[in-house]
Amino acid sequence: MPDDIAIIRYPDPRLRKMSEPVTHFTPELRALALRMLELMKEARGVGLAAPQVGRNIRLFVISPTGEEQDIRIYVNPLLSDAQDEDEGEEGCLSLPNLTTKVWRSKRLRMNAQDLDGNPFEETAEGYIARIWQHETDHLNGTLIIDRMGPVAKLAARRILKELQQKWDDEHPDPRKKKR
Ligand code: ZN
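## Topic: helix 3 (residues 150–170)
Think of an α-helix as turning once every 3.6 residues; residues three or four places apart then point the same way. Here helix 3 spans 29 Å end to end across 21 residues, near enough to the 30 Å set by a 1.5 Å rise per residue. Approximately 45° is the largest bend angle found in helix 3, and it occurs at Ala156. Those residues of helix 3 lying buried are Ala156, Ile159, Leu160 and Leu163.

Put into structure tokens, the structure is as follows:
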């Protein structure tokens, strides 16, 4: 089933939706998560959220090192107990060629469920805490461009314009279609 999915890019409107909690822990959910892990690996990403493959459900996968043993899957993630902040460089598979500095909490607690629906809790700091926040943002329709300062926004303008142009070319407005 999920063989047809692909990573979608800005300004696809599905990246802007609030994703729904997962209520059914089905074989399809597992297949989706596994396919997302493949796509993330192919794209050399460290995290991928379900809305980035066009599914607006609260699921993301991460692989902070690219190593098999560091793969983690989070369903219905909830972050809490944020402590301290620091600024770090981030990119996004849905915003190719763009990186920007983003302020994030340094340490966090994560409560989530696994693919069978079993709840678990973790804490993390630094890079993993940053990935958690980036991916949780995706589940709420937030992108790194929403967290940019005005100077970074200006610098990103050309890249965003190109992505918008590509989107417009691929999705022509039917009202403007020539007959
Ligand atoms: Zn992203």
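On we go from here.
## Points about the packing of aromatic side chains
Counting across every chain of the model gives three aromatic pairs. Between the aromatic rings of Phe60 and Tyr74, the centroid separation amounts to 5.1 Å while the plane-to-plane angle is 45°, which identifies the pairing as tilted. Of this pair, Phe60 sits in strand 2 (residues 59–62) while Tyr74 sits in strand 3 (residues 72–91); the two residues are 14 residues apart in sequence, bridging distant segments of the chain. Relative to Phe120, the ring of Tyr74 has its centre 5.8 Å away and its plane inclined at 40°; by these criteria the two rings are tilted. Here Tyr74, found in strand 3, pairs with Phe120, found in strand 5 (residues 119–125); they are 46 residues apart in sequence, far enough to count as distant. Phe120 matches Tyr74 in its accessibility class, with the two residues each being buried. Aromatic ring contacts, followed pair by pair, group Phe60, Tyr74, Phe120 and Trp132 into a single cluster.

Calculation notes
Position labels on residues start from 1 in each chain and follow its written sequence. Under the rules for a predicted model, residues below a pLDDT of 70 receive no local features and side-chain atom pairs below 80 are neither given nor counted, while totals for whole chains, interfaces and linings still include all residues. With hydrogens and water excluded, all non-hydrogen atoms of the structure serve as input to the side-chain values. Strands here are runs of E lasting at least two residues and helices are runs of H or I lasting at least four, both read from the DSSP assignment and numbered beginning at the N terminus. Helix span, as expected, comes to 1.5 Å for every residue beyond the first. We define the bend at any residue as the angle between the axes fitted to the seven residues before and including it, ending there, and the seven starting there. Here's how the labels work: a residue is buried when its accessible area is under 20% of the maximum for its type, exposed when over 50%, partly exposed in between, all with a 1.4 Å probe on protein chains only. In summary, the pairing rule links any two rings of Phe, Tyr or Trp, Trp by its six-membered ring, whose centres are within 6.5 Å, and it sorts them by plane angle into stacked for under 30 degrees, edge-to-face for over 60 and tilted for everything else.

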